[in-house]
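# Summary of structural features
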Amino acid sequence: MNEVSFSYEGKNFVVVGASSGIGKQIALELSKAGAKVLCIARRTELIEQMALQESPGKIIPMYADVTKTTPSDWDKFFENFTERFGKLNGGVYTAGVVGLTSLRAWNDRLAKNITDTSYTGMLHFMRSVTKKRFISDSSSFVILSSVAAYTGYKGLLIYSSIKAAVQTAVKSMARELACQGHRVNSISPGWLTDTEMTSIDKDIFSNREILASNIILGEGSTDKVSGMALFLLSNRADWITGTDIVVDGGMMLGGVFE
Ligand SMILES: NC(=O)c1ccc[n+]([C@@H]2O[C@H](COP(=O)([O-])OP(=O)(O)OC[C@H]3O[C@@H](n4cnc5c(N)ncnc54)[C@H](OP(=O)(O)O)[C@@H]3O)[C@@H](O)[C@H]2O)c1
């Protein structure tokens, strides 16, 4: 049982990347706290399944490939949702992909995909969703960055750089949107073991024991990160904007024996 709970009855949120991992966990917790959640990803069948099993009527699935979605597509998603349910109170952007890139192991397609998914797609999302006709006053947005932005992991050249760019974009957007009372923050998780990103990419996350021994509070999971997202979306965080919150179990402190 969680000692801290949130009530989002009557509120509306959008989660991009809601079909798995951190996005799915946040969407589920928001819907269980009473919110209506517009859930965006390519695999809408997974979102439909989650809606049926966990939160009937609270989760609204929407197909989008964020690397191809145009500004007018984004507008249509939010027009459609707000006509049915009213304005949004905020959103979370978690869509992201990881892959090995370095100066010597370069891959143009992968570099573009990482950039388009985590960064360019996020900016297009923010440009559309923050239009006055789609959001209430004092809305809150959370974008997923990563500890890689701080450490610049070897072999994660593009991923790390793009996650750093996300943090800088968050600061700039926070300044721009503050006059309407909106807030924008990022969360930088450490290594979570229960998401597709870390279970599928065996090249990067092959040695689980070594990775785990570098985290003083042990392996992380999506429910260690979702609470921070729900907090940042709430009015208890109404003096927090333009910042990055690291949720990493002490991973950046170094290994247990260091
Ligand atoms: N897991 C970790 O250890 C970790 C650590 C630090 C930061 N992060 C960051 O946290 C975020 C979430 O990661 P996760 O671990 O939850 O990953 P995940 O389980 O792989 O989920 C990624 C989500 O992004 C969506 N997505 C990917 N490409 C997309 C596209 N082109 N269009 C629309 N949706 C797309 C996926 O949906 P579809 O495939 O259905 O489209 C999925 O819902 C990412 O930004 C990641 O970089 C994760």
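See above for the structure.
Read on for an overview of the structure. Source: prediction; values computed, not measured.

### Here we look at the environment of I143
Along the chain, the position of I143 falls in strand β5 (residues 135–144). Under the C-beta neighbour-count criterion, I143 is labelled buried, with 28 such atoms within 10 Å. In contact with I143, other than residues within four places in its own chain, are Y93, M122, V166, V170 and S186.

### Some details on helix α3 (residues 71–85)
Its 15 residues give α3 an end-to-end C-alpha distance of 21 Å, which sits within 8% of 21 Å, the value for a rise of 1.5 Å per residue. Restricting attention to buried positions, one finds in α3 the residues W74, F77, F78 and F81. Buried positions in α3, seen along its axis, are confined to an arc of 85 degrees and lie on one side of it. Opposite the buried face of α3, by more than 90 degrees, sit the exposed residues S72, E83 and R84.

### Some thoughts on the sheet that holds strand β3 (residues 59–63)
Strand pairing in a sheet relies on backbone hydrogen bonds. The paired strands run either parallel or antiparallel. Taken in spatial order, the seven strands of this open sheet run β3-β2-β1-β4-β5-β6-β7, and their pairing is parallel. Two strands close off the open sheet at either side, each with one partner strand: β3 and β7 (244–247). Neighbour to neighbour, the strand axes of the sheet diverge by 20 degrees on average, direction disregarded. With five bridges connecting them, strand β1 (residues 12–16) and strand β2 (residues 36–41) associate as parallel partners. Note that in β2 the partner of V15 across the bridge is C39. Relative to β3, helix α2 (residues 44–54) is tilted by about 175 degrees, and along the sheet it contacts β2 and β3. Across the sheet, helix α4 (residues 108–129) is in contact with β1, β4 (88–93) and β5; its angle to β4 comes to roughly 180 degrees.

Each value, and the rule that gives it
- Residues numbered from 1 in each chain as written.
- Predicted model: local features only at pLDDT ≥ 70, side-chain atom pairs only at ≥ 80, totals over all residues.
- Helix = DSSP H or I, 4+ residues; strand = E, 2+ residues; numbered from the N terminus.
- Buried ≥ 20, exposed ≤ 12 C-beta atoms within 10 Å, placed from the backbone.
- Contact = placed C-beta atoms within 7 Å.
- Expected span 1.5 Å × (residues − 1).
- Arc of directions from axis to C-beta.
- Pairing = 2+ DSSP bridges.
- Axes fitted to C-alpha atoms, helices over the stretch in contact; angles between N-to-C directions.

Everything listed is a geometric property; what it means functionally is a separate question.
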